[in-house]
Structure formats: C-alpha cells, structure tokens
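One-letter residues, chain by chain:
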Amino acid sequence: MKFMKLGSRVDTFYTTGDVRSVSTEVSTDIVIIVEETKFLLHKFPLLSKCLYLQRLCSESSVALKASQELVIELDDFPCGIDVFEICAKFCYGIGITLSPLNIVSVRCAAEYLQMTEDVDKGNLIGKLEAFLNACILRGWKDSLLTLQSTKLFPTWSEDLEITSRCIDAIATGVLSFPVKPSLSSYTYSKLGKDDMESNGVASQRNGGVVASQGWWAEDIAEFGIDLYWRMIVAIKSGGNVPANLICKALQIYVSRWLPNISKEGIIKSEDDSESIGEMTVKYRFLLESIVSLLPTEKASVSCSFLLKLFKVGNILSASISSKMELARRVGTQLEEAKVSDLLIPTLSADGTQYDVDIITTILEQFMVQGQSSPTSPPRAKAKLRRSRSAENFNFEFLETRRSASASHSSKLRVAKLVDGYLQEIATDPNLPLLKVIALAESIPDFARPEHDDLYRAIDTYLKSHRDLNKSERKQLCRILDCKKLSAETCMHASQNELLPLRMVVQLLFIEQARASMAGGTVTDLPNNIKVLRGTQEEDSLKPLPPIRNITIIKPTEEEWRSMSGPTSPSSKISTLRMKLTEDEDQMDDVVVKNTNSKLKSFQSFRSIPARPKKMLSRLLSLNRIT
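Note that the coordinates shown come from a computational prediction; the quantities given were computed from them, not determined experimentally.

Peer 1: I'd like a rundown of the overall build of the protein chain, residues and numbers included.
Peer 2: The helix and strand inventory of the protein chain stands at 31 helices and nine strands. Counting every atom, the protein chain has about 33,200 Å² of accessible surface; 53% of that belongs to carbon and sulfur.

Written out as structure tokens, the structure is:
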C-alpha cells in the first residue's frame, strides 16, 4: 500500500468533548461547525488555502464586526469531522498521512473547500492528484482499495472522475496480465496461498509470479454490481481476456452474491437489515446485469451455469427479456445439461413442482438453433491438382456433413435428457397430462432409437396418477412405440395392469414374435387374454358353413395388415393379431360378454390362405355358378 506524508510540524490538535482546537499562543478567531463539532481555529491559515471559506467570511463581514469570533457552519460538508481535521492540519502545516484508504474522502473535502492552485501554489488538490495518478492508480491493490472507498462518496467520486480512473486502472491491470499476475494481487496478499487454494483458486509460486488463471476474479467480486458491471465491460472491451475467464469471473461473483435463494424465495439472514422486498429487487437487478455480461461466444458459458441463472431468475421473477436470452443461450448447448439442471422450480398457483413450460421453451430454442458447428478441422488438400470450384464444393459438402452429424448426435443426447427429465417430474401429482405429452412429442422420432426411458416415464406417471380415465391413458400411451422397446422392457410392460388393453395386446404379439424368432419360451398370457383366447378355441371346433352361404366381405387394408405374419390356428397370436383392428372399447367388453358373436365374425378370416385375393376370386366365381 502506497503512503504519502505532507507537512512537518508536530500535531497540536486536541479534542475536548465536542470541541477540537489547535494549541497555539495566538487565540482563535474563527469557529467552524461540522456535524455539531466545533473547530476553534485561526482565519489566516485557513483562508489562505480555502477559497470557499474566504467567500463565506466575506459574506459574514457584518457578523464579524459585531463579534470578534466568526462562526461558520458547514451543514453540507460531505466527508465528516475527521476528514475536515486533516484538511485543517494541512493548512497549519501539521504532518498528515495519505493512503488509498483516505485519499478519496480527502480529495472530496478539498474540492468542497476549493483548495486549488489558484488560491495557493502547492495546494492540497494538486498534491492529491499527483499522488493518485503517479502512485495509487499504478498498483493493483491500491486501485482496488481506492475504488472501494468511492462507495462512501459516489456522487463526488463520479464528478471528480475518481471512479472511472480506478476502473480503467483495474481493467488495464487485468489486460496486461490476464493469466499470470504479479505478487501484488490483492486476493493473494489478503488471504494467503492456503486460503486461496481452499477457496478453489489454484495458485503457486513460480519465479515471483502467481500462475493462476482468473486471478483477478476473486478481487473484483468484492464490489457491488454497479461497479462490477463497469469493470467487466472495461475488461471485455480490451479483447485480451478469453471468454472462458470472463465466465469464471461471473460464476465466482454469482456464488458470492446469490447464495441464499431457493424455491421458497430469499432466505434472509438474521443480521440483514434489508426487507425481503428490497433484497428481491436488488438480487433481480444483479441477475439481469449478470445476464447482460455473459460472453457471446458459443460454449464459453457452461449450460449448467446458464440453467442456474435461469432457476434463480424464475424465483426472482426476472424480466422476460432476460429469461428469453437465457433460454436462447441454453438452447444452443442443451445437450451439455444434466437432468438435475432442468429441475427449475415454479412459483405458479397450479401447485406443480417444476416449471415445464420453461423447459418446453428451451427445447423449442434447441430445435430452432440446433445446428452445431463443425467439430473437426477440414481435411488437407490433395496433392493432385484440382479445380478451385471442385475443392470449394467438396469442402462445403464435408462441412455440411459434419454439421449434420453433430446436430444429429446432439438431438440423440437431448432426447435421452428429456426422457430422464420426464421420469423425474412424473411423480408430481399436479402435473397436467397435456404438458407431459407436449414435452415428449417435441422430440423427433429419429432422436429416440429406443423407448425404454420414455416407457419408464409413462409408467411412473400412471402410478402417480391412478385417477386417469381410459381415454387419458390411451392418449398418454399413444406416444410410445412398442417396437422400440427392449425385450426386458417389453416383458415388463406386457404385465403392466395400468396400460390400456390394446397396448398390452401389441406388446404380447411383439414379445411372442421375438421369442419365436429366437426359439425361446413365451411369457404366459394374462388372465383376460386367456379368456379371450379360450373362447376363440371353442369356436374353432365348430364346422364351417357351406361356401355358397358365405357373404363375401372385403376386409379393409388395416385388417389385411393385421392378418399378415404367423397364421397357424394353434398359435396364441392368431386371434390377438386380428383383434387389434377392433376398437379398444369393444375389446374390453368382449372379455366379459358377447364373445361368441364377436369371434365368429373372424372365424372365416382365419381360414383364408396366404393369398387372399386369389381365394376371393374363386369364391366369387363359385357364387356366380350357383
């Protein structure tokens, strides 16, 4: 820390109660009142250096005639009684010590008293400016301490440009050594090496240099958001600091100033005098300022940090513009997120635990901006001579292929992320069905090569929402593709009583088809399906009616598709496959009643050979002969 001493006389000021005076043989002839404290002083040393006091004395000339002692009250003195005493000592030539801790206050007081070079050569303002520019602003630690002291006199510091000069000096220090600072780092000297390492700031001594990335982030994190914002802007404008270091500095600042925010709101500490409303406004402004400082380079800010800001912003009811900016930034790198990062609490009145609408918005941004940049460098040019147009065409083609491949892989990762997110939020009893369906359907089909995770989410939702009716269960399960389920998941789903009966039939067919192809055993059928199959087998023993009495009904295309594949009468699937063409409501009722009439209508279809068109033509010709 730099110091400057002015004056050589011994300090003769003394204090008695609310009175401060100087011990001299000459009686005092002026009284200066500052904050109800009286200073008994002499006019000559004061008026010779303070132009403002000269004017006040000239305006009080009438009062001076009536009394030998002039009284001047400085009601609007900005810096307090101790600082006025320093200025008075300078006028008397008494020794004073200036440092980064008091130079701002003394400079503001000297400006108030108008202690300029026009009044007296070598006056206080000139000496302070020389010390500030030549010493203080050239040191990292001194600049930080001086900037900290400007918070006590913000208006005066701005008018005298002390704040802006300190910010420029700090930015210059960062830009000069963005990675390797000197040992004058304020955090290093204040905390020490062990403390810095315990705080996550890796540092080491190497030839008198602290080799630590982002060494300046801890130092400037001590400032309020107004000064911090200006420092980061000045650092970013220099263009010499990598974007990832800017992001690290922002993360340190957020962890320093936003530690006590949860879904329930701001957790107020016992020694905090601010109300919850005041703290909310302050933190909201801080968050929106941090969002405006985020580096624009892609992947410079981690997706986890962006979602943390999103979560805090949602609790603090941040502005729509800030939320949309965060959603856009998260959407460009959503594949890097974790399921825990997406669990953003909601404060809405519907009682839901997490804000699904925000995730849907982020997912929409991802789908719009999902094209990733090429991840590999372009190939070297071939040695053979080729036309420039051909080289450009091949280069653009390869770049397009790389971009499409990266985008495809990112969509696969995001699809798995969304399915995991659905599993987490499915336990919420107040989660609307339509939001689950909308979020699940926002993923394209090609991004889900398998539906096991999606089935787990649906199963969890059905277990947590047992009051869903038949139509709602059908609507939810419609998003599930049974063909994309693994054998283990298909076996579990075929025995799930919460699934619609139509889906169980599909799953049983897929399971038995896989088992027959693999030559393995088939899972036993549920009881309701056994009843349906048993009734079918009884009807199959009855004799077939004559051909001439058969009314030929042309099956629909869906019915033809349902009869393709294994058609053996002894197979368990022969009836189940044909039943998929009927409405599910009729299938639920046929298990209990009217089974005979329903099964007879399919008896003739089961006897149709593999080539139905030829058989139908023969039946038609026989019918014409009769």
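Back to the write-up after that little detour.
Peer 1: If you had to explain the packing of helix α24 (residues 487-494) against helix α25 (residues 501-518) to someone new, which residues and values would you point to?
Peer 2: Where α24 meets α25, the axes come as close as 9 Å, and the angle between the chain directions of the two elements is 140 degrees. When the axis of α24 is compared with that of α25, the two are oblique. Crossing of α24 against α25: the hand is left-handed. Contact residues: α24 offers Ala487, Cys490, Met491, Ala493 and Ser494, while α25 offers Val504, Leu507, Leu508, Ile510, Glu511 and Arg514. Among the residues forming the contact of α24 with α25, the class breakdown is eight nonpolar, one polar and two charged.

Peer 1: Run through the packing of helix α22 (residues 452-464) against helix α23 (residues 470-477), naming residues and quoting values.
Peer 2: A packed helix pair is summarised by two numbers, namely the angle formed by the two axes and the spacing between the axes. The contact between α22 and α23 brings their axes to 11 Å, and the two run at 165 degrees. In terms of orientation, α22 lies roughly antiparallel with respect to α23. In this structure, the crossing between α22 and α23 has a hand that is right-handed. The residues of α23 that touch α22, namely those facing Ile458, Tyr461 and Leu462, are Arg473, Leu476 and Cys477.

Peer 1: Could you give me a rundown of the pattern of salt bridges, with the residues and numbers involved?
Peer 2: Tallied over the full model, the rule gives 18 salt bridges. When the shortest N-O distance is used, the salt bridge between Asp11 and Lys89 registers 2.9 Å. Placement of Asp11 in the loop between β1 (4-6) and β2 (13-16) and of Lys89 in helix α4 (residues 81-92) is noted, with a sequence separation of 78 residues between them. The exposure class of Lys89 is buried, given its relative accessible area of 13%. Linking Asp419 and Arg448 is a salt bridge whose minimum nitrogen-to-oxygen distance equals 2.9 Å.

Peer 1: Describe the sheet that holds strand β5 (residues 37-41), and please don't skip the residues or the numbers.
Peer 2: Ordered by their spatial adjacency, five strands build an open sheet running β2-β3-β5-β4-β6, and the pairing between neighbours is mixed. Each of the sheet's edge strands pairs with one partner strand only, and the pair in question is β2 and β6 (70-73). Pairs of neighbouring strands in the sheet enclose a mean axial angle of 20 degrees, with direction left out of account. Where β2 and strand β3 (residues 19-22) come together, four bridges link them in antiparallel fashion. Bridging across to β3, Thr16 finds its partner in Val19. Taken strand by strand, α4 contacts β2, β3, β4 (30-34) and β5, and its axis lies near 5 degrees from that of β5.

Peer 1: If you had to explain the packing of aromatic side chains to someone new, which residues and values would you point to?
Peer 2: In the structure shown here, the tally under the stated rule is nine aromatic pairs. Where Phe13 meets Tyr92, the ring centres are 6.0 Å apart and the plane angle is 80 degrees; that geometry is what we call edge-to-face. One end of the pair, Phe13, is in strand β2; the other, Tyr92, is in helix α4, with 79 residues separating them in the sequence. Given a relative accessible area of 12%, Phe13 falls into the buried group. Against the face of Trp257 rests Arg256, its NZ or CZ located 4.3 Å from the ring centre.

Peer 1: Before we move on, can you summarise the side chain of Thr146 with the specific residues and values?
Peer 2: Checked against the element boundaries, Thr146 lands in helix α7 (residues 140-149). By relative accessible area, Thr146 is classed as buried at 0%. Here the side chain of Thr146 touches Asp142 through a polar contact of 2.7 Å, landing on its backbone oxygen. The residues contacting Thr146, other than those within four sequence positions of it, are Pro100, Ile103, Val104, Leu132, Ile136, Ile162 and Cys166.

Peer 1: For the environment of Gln54, give the residues involved together with the corresponding values.
Peer 2: Structurally, Gln54 can be placed in helix α2 (residues 51-59). Excluding residues that lie within four positions of it along the chain, Gln54 makes contacts with Leu47, Ser48 and Val119. Within the structure, Gln54 has its side chain in polar contact with the backbone oxygen of Leu47 (distance 2.3 Å).

Peer 1: Account for unusual backbone geometry, with residues named and values stated.
Peer 2: Even without being a glycine, Glu36 presents a positive backbone phi close to 65 degrees. Relative to the elements of secondary structure, Glu36 occurs in the loop between β4 and β5. Positive phi outside glycine occurs at Gln114, with the angle close to 60 degrees. Residue position: Gln114 is located in the loop between α5 (103-113) and α6 (124-134).

Peer 1: Help me get a handle on the environment of Ile362, residues and values and all.
Peer 2: With respect to the helices and strands, Ile362 occurs in helix α19 (residues 356-368). Residues Ile362 and Arg328 lie 34 residues apart in sequence; the distance between their C-alpha atoms is 6.9 Å. Look past the residues within four positions of Ile362 in its chain and what remains in contact with it is Leu307, Phe310, Ala327, Val330, Gly331 and Leu334.

Peer 1: Account for the confidence of the model for the protein chain, naming residues and giving values.
Peer 2: The share of residues in the protein chain with pLDDT of 70 or more is 68%, and the mean pLDDT across the chain is 76. Confidence drops under pLDDT 50 across residues 191-211; counting only partners more than four residues distant or on other chains, this segment forms 35 contacts. Residue range residues 531-584 is modelled with pLDDT below 50. Its contacts to residues more than four positions away, or to other chains, number 79 contacts.

Peer 1: Any details on helix α14 (residues 243-257)? Residues and values, ideally.
Peer 2: The end-to-end C-alpha distance of α14 is 21 Å, a good match for the 21 Å that 15 residues give at a rise of 1.5 Å each. Listing the buried residues of α14 in full gives Ala243, Leu245, Ile246, Cys247, Ala249, Leu250, Tyr253 and Val254. On its buried side, α14 packs onto α12 (217-220), α13 (225-238), α15 (276-293) and α16 (303-316).

Peer 1: Mind laying out the pairing of β6, listing which residues take part and the relevant values?
Peer 2: On a regular strand, each side chain points to the face opposite its neighbour's, so the side chains alternate between the two faces of the sheet. The side-chain alternation of β6 yields one buried face, formed by Leu70 and Ile72, and one unburied face, formed by Val71 and Glu73. Relative to β6, β4 is paired through four bridges, and the arrangement is parallel. Note that in β6 the partner of Ile33 across the bridge is Glu73.

Peer 1: Outline the state of the cysteines, supporting the account with residue identities and numerical values.
Peer 2: A complete count under the given rule lists zero disulfides for this structure. Considering cysteine sulfurs only, Cys108 is the nearest to Cys79, which forms no disulfide, with 5.1 Å between them. This cysteine, Cys490, is not joined by any disulfide, and Cys482 carries the nearest cysteine sulfur, 7.0 Å off. Judged by relative accessible area, Cys490 falls into the buried class, the value being 1%.

Peer 1: Lay out the environment of Val10 with the relevant residues and their values.
Peer 2: When you line up the elements, Val10 lands in the loop between β1 and β2. On the basis of relative accessible area, Val10 is assigned to the exposed category, the value being 65%. Taking the C-alpha atoms as reference, Val10 lies 9.9 Å from Lys89; in sequence the two are 79 residues apart.

Peer 1: Hey, could you go over the side chain of Asn314 for me, with residue numbers and the actual values?
Peer 2: Counting through the fold element by element, Asn314 comes out in helix α16. What makes Asn314 buried here is its relative accessible area of 8%. Engagement of the side chain of Asn314 in a polar contact is seen with the side chain of Asp355, the distance being 3.5 Å. Those residues in contact with Asn314 that lie beyond four places of it in its chain are Lys323, Ile344, Pro345, Thr346, Leu347, Asp355 and Ile358.

Procedures and definitions
- Residues numbered from 1 in each chain as written.
- Predicted model: local features only at pLDDT ≥ 70, side-chain atom pairs only at ≥ 80, totals over all residues.
- Heavy atoms only, no water.
- Helix = DSSP H or I, 4+ residues; strand = E, 2+ residues; numbered from the N terminus.
- Areas by Shrake-Rupley, 256 points an atom, 1.4 Å probe, with all protein chains shown as cover.
- Axes fitted to C-alpha atoms, helices over the stretch in contact; angles between N-to-C directions.
- Parallel < 35°, antiparallel > 145°, perpendicular 65-115°, else oblique.
- Left-handed = near helix turned anticlockwise from the far one by under 90°.
- Contact = heavy atoms within 4.5 Å.
- Nonpolar A, V, L, I, M, F, W, Y, C, P; charged D, E, K, R; others polar.
- Salt bridge = Lys/Arg side-chain N within 4 Å of Asp/Glu carboxyl O.
- Buried < 20%, exposed > 50% of the residue type's maximum accessible area, 1.4 Å probe, protein only.
- Pairing = 2+ DSSP bridges.
- Phe/Tyr/Trp six-rings, centres within 6.5 Å; stacked < 30°, edge-to-face > 60°.
- Lys NZ or Arg CZ within 6 Å of the ring centre and 35° of its normal.
- Polar contact = N/O pair within 3.5 Å; in protein donor to acceptor, adjacent residues only side chain to side chain.
- pLDDT = per-residue confidence, 0-100.
- Expected span 1.5 Å × (residues − 1).
- Disulfide = S-S within 2.5 Å.

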